[in-house]
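A closer look at the structure
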Amino acid sequence: MSAASDVRPSGATGEIERYTFRERVMHWFTGITYLYCLATGLAFYSPHLYWLASVLGGGATSRFWHPILGVVFLMGTLWMNNFWHRDMEMTETDRRWLDRVEHYMANRDDLLPSQERFNAGQKLFYWLMLYGALLLLLTGFFLWVPEYIPRQAAWVRPLAVLLHEIAALATIGGFIIHIYMGVFFVPGSMTAITTGWVSRAWARTHHRLWYLRVTGSPPPQE
Amino acid sequence: MSNGPLQIKAISGHAGPVPGRDASRDYDVCKLVDVTTCIGCKACEVACLEWNGYPFRETVFDNTYQTMPDLAWNYYNLIRFDEHVAEDGTLSWLMRKDQCMHCADPGCLLACPADGAIVQYSNGIVDFQQEHCIGCQYCVTGCPFNIPKFNKETKKVHKCTLCSDRVGAGLEPACIKACPTGCLHFGSKDDMKELAETRVRQLHEHSSHKNAGVYDPAGVGGTHVIYVLHDKDHPERYGGLPKDPQIPLLVRLWKGPLKWLGNIAIAAGIIGVATHYLRFGPKRAEEETKGEPK
Ligand code: HEM
Ligand code: SF4
Ligand code: SF4
């Protein structure tokens, strides 16, 4: 059973429920823990951003909590994966959509194949964050307790920081686009992820196949 | 020897200007360790503990004349002991006073992300400021000599201060004061280099150590602790003193090009999405069809 099946159109208002309560909690749980790791991580990353650590309780405090909330963030993404991974699988349509992503960027959605519950861009972001979180944990572990790395294996330390930073930068790239799309580029997304509801027009425009499925309308003629 | 109050010339993890950057109001200080006259008495180890107020601690016997296998967060100074058998079969005991080298180009300071946790004074002393340390141990990763040591309880890192508190008050470091053989000297870097060269010449002329030389490794910009070695081509015989110490390449990459690439990528990403919005604007949903609820 896909998680999408417990999302149903609401007869009363005509709006459609896009995200269940559980999905919204999941999203903000990972979002906030990520933001904390991002802010403290950027403080360690650059002297120009070290004030972020001061604002968040000081450098030593940030250093104490960053890895712990990192693990909590990863647990959040795994929880999310449990519910979303089927919805996030890449399909043939997604590949065709990605080939013509420039039309999406130019707001010529009419030139693109219709999308299911998530479009290919959202799916890519999802996998980027999931694998990014795994790599961050793997490398972050060595940064966390370097005192237990024997001297003979000391070379893994700079390698781990380097990879940790590269993984962080990759997720930051996705994150910038994610925030831009959610807050600015696709109006209605923010309401969807906070209240759970979207208008029928929103659903039809951005995720037509999903819209047809949850409203029980006939499948499209392509 | 007076240095007056210590002026800072480099600060770890610091974004703003550093008042004393590249300035040298005083002369550079230097500790000279002549390993050829060290008898391994450990007076310097004791003096170091006393001055820094650390308790005497258990020693670890591992069949050598070394007090313990490695430096510790509250043990800044250790006489390393090695036995060396030369080609002609003669045995020698090599003693080397191991402590922070006070690199001119310190890897610890380069790696440290915490503002002010490591400072370099204009006289060359590299000093850790524990109240600003966040315990990340990046300094351990950056140091080519494996010097900084972590206190697991306080989560702070410690190492030899070159007695910056004494030197700032015009005194020599505690270890220098305690050494009974005159194998330790303290003065300006120029004077110590000269003294070291004199000693090397003496060894060449009056001993069998024809390959004696001064250890002042260029890879870290020279150090403010220098050695006279019996054999300058084999520093690794002295408890693993690195032959050509360098700040690890990965640390340089991480603190140099990767930061620049990362900053440019983040800035480009933000400018990119902003420009995209100005060019294309938001993605509007299609009109509601008539008769549809809401
Ligand atoms: C998944 C679990 C994670 C663990 C165990 C972890 C652990 C660490 C540790 C121990 C450090 C070294 C600095 C310090 O000691 O405070 C660090 C640095 C850093 N972390 Fe994480 N982290 C994790 C997740 C994240 C996440 C989600 C981000 C978000 C982007 C992130 C971004 C960074 C950055 C940018 C740095 C600084 C690297 C540098 O010094 O240049 N980390 N992390
Ligand atoms: S552990 Fe070392 S690198 Fe980290 S803040 Fe302390 S002095 Fe700086
Ligand atoms: S020996 Fe290590 S701890 Fe001492 S100044 Fe050099 S890099 Fe820093």
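All residue numbers refer to positions counted from 1 along the written sequence of the respective chain. To read the labels, note that chains go from A and ligands from 1, taken in the order they are written. Note on the predicted model: pLDDT of at least 70 is required for a residue's local features to be given, and 80 or more for side-chain atom pairs to be given and counted; whole-chain, interface and lining totals, by contrast, use all residues. Values reported for side chains reflect all heavy atoms of the structure, with hydrogen atoms and water molecules removed beforehand.

Our next topic: the nonpolar core. Trp84 and Ile172 of chain A together with Ile118 of chain B are the most contacted members of the largest nonpolar core, which has 72 residues in total. Top contributing element to this core by residue count: helix α7 (residues 156-185) of chain A, with nine residues. The split of the chain into domains comes from an automatic or database domain assignment. Counting contributing residues, this core receives three or more from each of domain 1 (8-247) and domain 2 (248-282) of chain B. The contact criterion used throughout is that any non-hydrogen atoms of two residues lie within 4.5 Å. Residue contacts for Ile118 of chain B: discarding those within four places in its chain leaves Ala10, Ile11, Ser12, Cys108, Leu109, Cys112, Val126, Asp127, Phe128 and Cys139 of chain B. Take the buried Ala, Val, Leu, Ile, Met, Phe, Trp, Tyr and Cys residues and link them wherever side-chain atoms come within 4.5 Å; each set so joined is a nonpolar core. Note on classification: 1.4 Å probe, protein chains only; a residue is buried when its accessible area is under 20% of the maximum for its type, exposed when over 50%, partly exposed between these limits. Secondary structure is summarised from DSSP: a helix means a run of H or I of at least four residues, a strand means a run of E of at least two, and numbering begins at the N terminus for each.

Residue and element names in this part refer to chain A. Closest axis-to-axis distance for the helix α1 (residues 21-45)/α7 pair is 11 Å, and the angle between their directions is 125°. Between α1 and α7, the crossing angle belongs to the class labelled oblique. Here α1 runs over α7; the crossing is left-handed. Residue-level contacts link His27, Tyr34, Leu35, Leu38, Leu42 and Tyr45 of α1 to Glu165, Ala168, Leu169, Thr171, Ile172, Phe175 and His178 of α7. Each residue gets one label: Ala, Val, Leu, Ile, Met, Phe, Trp, Tyr, Cys and Pro are nonpolar, Asp, Glu, Lys and Arg are charged, and the others, such as Gly, are polar. Per-class residue counts for the contact of α1 with α7 are nine nonpolar, three polar and one charged. Lines are fitted to the C-alpha atoms to define the axes, a helix being fitted only along its stretch in contact, and any angle between axes, read from their N-to-C directions, falls within 0 to 180 degrees. For classification, angles of less than 35 degrees are called roughly parallel, those exceeding 145 degrees roughly antiparallel, those between 65 and 115 degrees roughly perpendicular, and all remaining angles oblique. The hand of a helix crossing depends on one turn: near helix anticlockwise from the far one by less than a right angle means left-handed, and clockwise means right-handed.

A few words on the coordination of the iron atom of ligand 1. Residues and elements named next belong to chain A. Think of the donor list as every N, O and S atom within 2.8 Å of the metal, or within 3.2 Å for Na, K and Ca; water never makes the list, so a site can look incomplete. Protein coordination at the iron atom of ligand 1 comes from His66 (NE2) and His164 (NE2), with a distance range of 2.0 Å. Sites are called tetrahedral only when four donors show all angles between 85 and 135 degrees, square planar or octahedral only when four or six donors show opposite pairs over 155 degrees and all other angles between 65 and 115, and irregular in any remaining case. Metal-centred angles of 85 to 179° between the six donor atoms at the iron atom of ligand 1 mark the site as octahedral. Taken together, the residues His66 in helix α3 (residues 59-84) and His164 in helix α7 connect sequence positions 98 residues apart.

Below, the discussion takes up the pairing of strand β4 (residues 91-98) of chain B. All names here are of chain B. A pair of strands is treated as paired once DSSP finds two or more bridges between them. Two strands pair when backbone bridges link them, and strand β3 (residues 78-85) and β4 are joined in this way by eight bridges, in the antiparallel orientation. In the sheet register, His84 faces β4, and the bridge partner there is Ser92. Between β3 and β4, which follow one another and run antiparallel, lie five residues, and Gly89 among them has a positive phi close to 90°.

Facing 46 residues of chain B, the contacting portion of chain A comprises 47 residues. Buried area, as used here, totals the accessible surface that two parts lose on assembly, with accessibility defined by a 1.4 Å probe and the loss added over both. Contact between chain B and chain A buries roughly 4100 Å² in total, counting both sides, with carbon and sulfur atoms accounting for 62%. In terms of surface lost to chain A, no three residues of chain B exceed Ile134, Lys283 and Glu286 of chain B, which account for 19% of the buried area on that side. Salt-bridge detection follows one rule: a side-chain nitrogen of Lys or Arg within 4 Å of a carboxyl oxygen of Asp or Glu. Remark: the boundary between chain B and chain A carries two salt bridges. Between Glu165 of chain A and Lys259 of chain B there is a salt bridge whose closest N-O contact spans 3.0 Å. Two N or O atoms count as a polar contact when they lie within 3.5 Å, although within protein this holds only if one can serve as hydrogen donor and the other as acceptor, and sequence-adjacent residues are included solely when both atoms are side-chain atoms. At the junction of chain B with chain A, the criterion picks out 16 residue pairs in polar contact (both at pLDDT 80 or more). Contributing elements (two or more residues each) for the side of chain B that touches chain A: α3 (138-142), α7 (249-255) and α8 (257-280) of chain B.

Next up on the list: the site of ligand 3. Near ligand 3, the surroundings consist of 14 residues, among which Cys100, Met101, Cys103, Cys108 and Cys143 of chain B are the closest. Of the residues that constitute the shell around ligand 3, the class distribution is 11 nonpolar, two polar and one charged. The near set for a molecule or strand comprises every residue that places at least one heavy atom within 4 Å of it.

Reports of interface size often rely on the accessible area that becomes lost once the parts have come together. Residues and elements named next belong to chain B. Its domain assignment divides chain B into domain 1 (8-247) and domain 2 (248-282). Of note, the centres of domain 1 and domain 2, computed from C-alpha atoms alone, are 40 Å apart. In total, about 680 Å² of surface goes out of reach between domain 1 and domain 2, with carbon and sulfur atoms giving 64% of it. Interface area lost by domain 1 to domain 2 is led by Leu110, Thr141 and Ile247, which between them contribute 61%. At the boundary of domain 1 with domain 2, the tally comes to one salt bridge. Where the side of domain 1 that touches domain 2 is concerned, the elements lending two or more residues are α2 (107-111) and α3. Considering each element in turn, the side of domain 1 that touches domain 2 owes the most residues, three residues, to α3. Counted by class, the side of domain 1 that touches domain 2 contains five nonpolar, three polar and one charged residues.

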